[in-house]
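Understanding the architecture of this molecule
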Amino acid sequence: MIPLCEPAIAGNEIKYISECIEKRWISTYGEFIKRFEDKFKEFLGVKHAIAVSSGTAALHLALRALNIREEDEVIIPSLTFIATANAVKYVGAEPVFVDVRKDTFVLDVEKVEEMITPKTKAIIPVHLYGYAADMEKLKKIAEKYNLFIIEDATEALGSKFKGRYVGTFGEFGCFSFNGNKLITTGNGGMIVTNRDDLAEYVRYLSSQAKTMLSNNGFVHNEIGYNYRLPNLLAAFGLAQLEKIEEFLRAKRRNAEIYNLYLKDIKGIITPFDTEEVENSYWLYSIVVTENFGITRDELIDELKKHEIESRPFFQPIHLMRNFRNCKKSEMGNTEYLASHGVNLPSSVSLEEKEIELICRIIKRYA
């Protein structure tokens, strides 16, 4: 079987985990947490990186640290993983859904301003499947209306906008290390910021809002969360991060090979870079239009018959039961992409012969 996206484990993972076990530092204290955080912030070029238990936890902490709360509104795309919207609900705020661009799948910045109200407090652009949102225009809007920006970069580690890594433009950048991400800790995440005060508060909240006392006891003066990343997982993440440039090259190589085999196929729209955006191609994502010989879902079924795993784009959150009453812009692009987009196998270890097989099956129906 050719999986959708499996992790590459070929570095110091076993060595570092063994060190944790030998030293008995397997929980939320230990040297690998700081080493992982330090190397991550060095890679992105930010002042602070705080390792947490998931990308969802990172989003929740960002909203909480910025004091987003009940009756506040947060603008997000509907074409994203549910965690983006759930995190807004966690703090009692309301998501306001804005349509995405049809060509790059990310928040349509041109439609953001019309959805801003006096209740709007923040914008969460999602850099979907490795594409980067237009952070330059978005920052201008945020400055104009005095809004916070929290970047959901959980799927776009290594992507760049105008030469700068995504996740470094807003008050916070949030990343995921789930099993299928560019680098993984099995589960886990990272929240980054350039503000000293926010970094200190996030670290405090993620540790159950614990304040140490002089006698080695502690008190909790506000509601906190058990969102810390264990040293054991940080050790695994550090080993993964040491190979991130190799992983990024492999992702881009996969995309180049796919593009070569799929170019000029009627009804198939392939991903791309632009002058402003360098796509990390976490997943290789295509759109199957009405001009193709079969539907998107039929293509998924055909690939499955050959033991090739693929996955449709996310379902629009604004159509889900818990979010149907939320404010939203016109959602034509979101709903079209959700019914026509498909992610193809994108593992770092993917071989050209496997890509050629996948594309040969696709071409049968062109």
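For the structure, see preceding data.
Residue positions are counted from 1 within each chain, in the order its sequence is given. Thresholds applied to this predicted model are a pLDDT of at least 70 for local features of residues and 80 or more for the giving and counting of side-chain atom pairs; totals over whole chains, interfaces and linings are not thresholded and use all residues. Only heavy atoms go into the side-chain values, all of them from the structure, while hydrogens and water stay out.

Here's the deal with the pattern of salt bridges
Pairs can form between side chains of opposite charge whenever their charged atoms are close. Put simply, the rule is: By definition, a salt bridge exists where a carboxyl oxygen of Asp or Glu is found within 4 Å of a side-chain nitrogen of Lys or Arg. Burial classes: relative accessible area under 20% of the type maximum marks a residue as buried, over 50% as exposed, and values in between as partly exposed (1.4 Å probe, protein chains only). The secondary structure listing takes helices from DSSP runs of H or I that are at least 4 residues long and strands from runs of E that are at least 2 residues long, numbered from the N terminus.
Throughout the structure, instances matching the rule amount to 25 salt bridges. For the salt bridge of Lys-243 with Glu-246, the shortest nitrogen-to-oxygen distance reads 3.1 Å. Owing to a relative accessible area of 39%, Glu-246 belongs among the partly exposed residues under this scheme. Note that Lys-305 and Glu-302 form a salt bridge whose closest N and O atoms lie 3.0 Å from each other. Of this pair, Lys-305 and Glu-302 both sit in helix 9 (residues 296-305), three residues apart, roughly one helical turn. A network of salt bridges, in which partner residues are shared, links Asp-99, Asp-108, Lys-111 and Glu-330.

Details of the sheet that holds strand 3 (residues 94-98)
Quick note on the threshold: Here the rule is simple: two strands pair whenever DSSP picks up at least two bridges between them. Interaxial angle, 0 to 180 degrees, is taken between N-to-C directions of lines fitted to C-alpha atoms, where a helix line uses only the stretch in contact. When checking whether two residues touch, look at their non-hydrogen atoms; a contact exists if any pair is within 4.5 Å.
Here we have seven strands laid out as an open sheet, ordered 1-9-8-5-4-2-3, and mixed in their pairing. The outermost strands of the open sheet, each flanked by one partner alone, are strand 1 (48-52) and strand 3. Put simply, the sheet's adjacent strands are angled 25° from each other on average, direction ignored. The pairing of strand 2 (residues 73-77) with strand 3 spans five bridges and is parallel. Directly across from Ile-75, in strand 3, lies its bridge partner Val-96. Along the sheet, helix 3 (residues 55-65) contacts strand 1, strand 2, strand 5 (148-152), strand 8 (172-176) and strand 9 (189-193); its crossing angle with strand 8, the most-contacted strand, is approximately 165°. This element, helix 5 (residues 135-145), spans strand 4 (120-123) and strand 5 of the sheet and lies at about 150° to strand 5.

Topic: the side chain of Asn-231
If you trace the backbone, Asn-231 turns up in helix 7 (residues 231-241). Overall, Asn-231 belongs to the buried group, its relative accessible area being 1%. If near-sequence neighbours (up to four positions away) are discounted, Asn-231 is found in contact with Cys-20, Trp-25, Ile-26, Ser-27, Thr-28, Tyr-29, Gly-30, Glu-31, Phe-32 and Ile-33.

Things to note about the packing of helix 1 (residues 13-23) against helix 2 (residues 31-44)
Going by this rule: Roughly parallel refers to an angle under 35 degrees, roughly antiparallel to one over 145, roughly perpendicular to one between 65 and 115, and oblique to any angle outside these ranges. All residues other than Ala, Val, Leu, Ile, Met, Phe, Trp, Tyr, Cys, Pro, Asp, Glu, Lys and Arg, Gly among them, are scored as polar; the first ten of these are nonpolar and the last four charged.
Orientation of helix 1 relative to helix 2, taken along the N-to-C sense of each, is 150°, at an axis distance of 11 Å. With respect to helix 2, the element helix 1 is oriented roughly antiparallel. Between helix 1 and helix 2, the contacting residues are Tyr-16, Glu-19, Cys-20 and Lys-23 on the first element and Glu-31, Phe-32 and Arg-35 on the second. Grouping the constituent residues of the contact of helix 1 with helix 2 by class yields three nonpolar, no polar and four charged.

Here's the deal with the packing of aromatic side chains
Put simply, the rule is: Within 6.5 Å between ring centres, the rings of Phe, Tyr and Trp (the latter by its six-membered ring) count as paired, and their orientation is classed by plane angle as stacked under 30 degrees, edge-to-face over 60, tilted in between.
Tallied over the entire structure, the rule returns 18 aromatic pairs. Between Tyr-129 and Trp-282, the ring centres sit 6.5 Å apart and the planes meet at 25°, which makes this aromatic pair stacked. In this pair, Tyr-129 sits in the loop between strand 4 and helix 5 while Trp-282 sits in the loop between strand 13 (277-278) and strand 14 (284-288), placing the two residues 153 residues apart along the sequence. Taken individually, Tyr-129 and Trp-282 each receive the classification buried, so the pair is uniform in this respect. With centroids separated by 6.0 Å and ring planes inclined at 75°, the aromatic side chains of Phe-161 and Phe-169 adopt a geometry described as edge-to-face.

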